[in-house]
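Read off the chains here:
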Amino acid sequence: MSSKQSVTVIGLGPMGQAMSHALLDKGHPVTVWNRTPSRADALVARGAVLAKSAEDALTASELVVLSLTDYDTMYAVLEPASHALAGRVLVNLSSDTPEKTRAGARWVSEHGGVHLTGGVNASPSGIGQPGASTFYSGPREVFEAHRSTLEVLTDTDYRGDDPGLAALLYQILVSMFWTSVLGYWQAIALADANGLTAADVLPHATELLTGMPDFLSVYAERIDAGEHGGDVERLAMGMASVEHVLHTNADAGVDTTLPAAVAALFRRGMDAGHGADSASSLVELMKTPTA
């Protein structure tokens with residue numbers, strides 16, 4: 001028999017499958033369950049046990065990893081088997097808002113289980129590989145008790161007792177990721193309209209992003225100090241720049257939804273009287289919703 005901790009994985013999308021394989025690689029007994037059982041075929045061939053029901057999956061292991069679309073899916077899967085949550089540690093790696101995460105943690109606790117929130121900062125291919133990490137929040141003693149098993153999946157970054165904090169940090173990074181990727185795709189669409197390829201753009205995009213950490217560091221210090229002076233750059237300069245981007249895309253006949261939204265935000269800053277301030281002054285506008 002294995003001396004490694006038994007783990008149940010519920011949800012066998014690409015991430016759940018990658019985590020199950022990583023646990024099997026390290027010798028952990030793994031029980032899996034998915035609403036489409038055939039997704040478990042490759043894992044079962046490697047020695048995983050396919051539970052017949054969500055209830056059986058919960059009772060198979062003290063440590064249960066959830067890899068589902070969101071918390072509504074968690075309720076749909078687990079509510080019929082909620083009596084089996086007692087005594088279980090539910091490591092919920094499903095994405096959702098911090099408030100829904102806190103409510104989910106309370107729901108698990110009401111049924112006798114313990115909830116650890118996880119926000120995975122890796123793609124499925126990064127699971128079990130160096131450099132991947134996951135935010136965790138929830139009861140520290142429970143996290144520490146299972147830390148060595150969780151580190152089979154990724155490095156761990158424990159952020160405190162609040163179950164919503166790991167979800168918040170995850171959503172902050174996801175917000176940056178998708179906005180940045182959309183900017184890249186907008187650039188490729190513009191390039192394509194002018195006879196260039198994604199491969200033509202790639203080295204220049206890479207060079208731009210390589211310099212971004214220093215750029216962000218300067219702004220972080222100034223923003224935290226509440227300093228938005230226009231001594232380095234000015235919002236008015238940025239306004240002209242983003243309008244040039246918008247018009248270049250329009251002239252090329254590509255979709256302008258994204259550059260138009262950027263230009264609209266800069267115009268709000270100008271209308272609020274920040275033309276002589278740094279473009280970082282837009283942060284203050286973005287802290288409150290539009291009327």
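Numbers given for residues are sequential positions, taken from 1 along each chain in its written order. Totals for whole chains, interfaces and linings use all residues, but because this is a predicted model, local features are given only for residues with pLDDT of at least 70 and pairs of side-chain atoms are given and counted only at 80 or more. Excluding hydrogens and water, the side-chain values take into account all heavy atoms of the structure.

Details of the packing of helix α7 (residues 163-193) against helix α10 (residues 235-252)
Then comes step 1: At a closest axis distance of 9 Å, the pairing of α7 and α10 adopts a crossing angle of 45°. Put simply, α7 runs oblique to α10. When you trace α7 past α10, the crossing you get is left-handed. On the side of α7, the interface is formed by Gln186, Leu190 and Ala193, while α10 contributes Thr248, Asn249 and Ala252.
Then comes step 2: All amino acids are sorted into three groups, where Ala, Val, Leu, Ile, Met, Phe, Trp, Tyr, Cys and Pro are nonpolar, Asp, Glu, Lys and Arg are charged, and the leftover types, Gly among them, are polar. Of the residues belonging to the contact of α7 with α10, the class tally is 3 nonpolar, 3 polar and no charged. Angles shown run from 0 to 180 degrees and are taken between the N-to-C directions of axes, each axis being a line fitted to C-alpha atoms and, for helices, limited to the stretch in contact. Helical segments are the DSSP runs of H or I of at least four residues, strand segments are the runs of E of at least two, and each set is numbered from the N terminus. In these notes the angle categories are as follows: under 35 degrees is roughly parallel, over 145 is roughly antiparallel, 65 to 115 is roughly perpendicular, and the rest is oblique. We call a crossing left-handed when the near helix sits turned anticlockwise from the far one by less than a right angle, and right-handed when that turn is clockwise. In this description, contact between two residues means that some pair of their heavy atoms is separated by no more than 4.5 Å.

Side note on the pattern of salt bridges
Then comes step 1: Just to be clear on terms, a salt bridge is a Lys or Arg side-chain nitrogen sitting within 4 Å of an Asp or Glu carboxyl oxygen. Taken as a whole and assessed by the stated rule, the structure comprises 11 salt bridges.
Then comes step 2: With its nearest N and O atoms 2.7 Å apart, the salt bridge here joins Asp25 to Arg46. Of this pair, Asp25 sits in helix α1 (residues 14-25) while Arg46 sits in the loop between α2 (41-45) and β3 (49-50); the two residues are 21 residues apart in sequence, bridging distant segments of the chain.
Then comes step 3: Exposure is judged per residue with a 1.4 Å probe applied to protein chains only, and the accessible area is read against the type maximum: over 50% gives exposed, under 20% gives buried, and values in between give partly exposed. On the basis of relative accessibility, which here comes to 41%, the residue Arg46 falls in the partly exposed class.
Then comes step 4: Notably, a salt bridge pairs Glu284 with Lys287, separated by 3.2 Å at the nearest N-O pair.
Then comes step 5: Under the relative-accessibility criterion, Glu284 is labelled partly exposed at 32%.
Then comes step 6: Using a relative accessible area of 57% as the deciding quantity, one classes Lys287 as exposed.

As for the packing of aromatic side chains
Then comes step 1: Only Phe, Tyr and Trp rings are paired, with Trp represented by its six-membered ring, and only when their centres lie within 6.5 Å; those with planes under 30 degrees apart are stacked, over 60 edge-to-face, the remainder tilted. Across all of its chains, the model carries 6 aromatic pairs by this definition.
Then comes step 2: Aromatic side chains Phe143 and Tyr158 sit 4.9 Å apart centroid to centroid with 20° between the ring planes, which places their arrangement in the stacked category. Placement of Phe143 in helix α6 (residues 140-150) and of Tyr158 in strand β8 (residues 155-158) is noted, with a sequence separation of 15 residues between them.
Then comes step 3: Here Phe177 and Trp178 contribute two aromatic rings whose centre-to-centre distance is 4.9 Å and whose plane-to-plane angle is 70°, an arrangement assigned as edge-to-face.
Then comes step 4: For Phe177, a relative accessible area of 46% corresponds to the partly exposed category.
Then comes step 5: With relative accessibility at 46%, the residue Trp178 sits in the partly exposed group.
Then comes step 6: Three or more aromatic residues joined by ring pairs form one cluster here, namely Tyr136, Phe143 and Tyr158.

Structural notes on a nonpolar patch on the surface
Then comes step 1: Residues with no salt bridge and a relative accessible area higher than 30% make up the patches, which join like charges within 9 Å and nonpolar side chains (Val, Leu, Ile, Met, Phe, Trp, Tyr) within 5 Å. Here the open area of atoms and residues is found with the Shrake-Rupley method and a 1.4 Å probe, where only the protein chains shown may cover a residue. Together, Leu168, Ile172, Leu173, Met176, Phe215 and Leu216 make up a nonpolar patch on the protein surface, roughly 520 Å² of accessible area in all.
Then comes step 2: Looking at the nonpolar patch, the elements with two or more residues in it are α7 and α9 (212-224).
Then comes step 3: Element by element, the count of residues in the nonpolar patch is highest for α7, at 4 residues.
Then comes step 4: Note on placement: Leu216 falls in helix α9.
Then comes step 5: By relative accessible area, which is 42% here, Leu216 ends up partly exposed.

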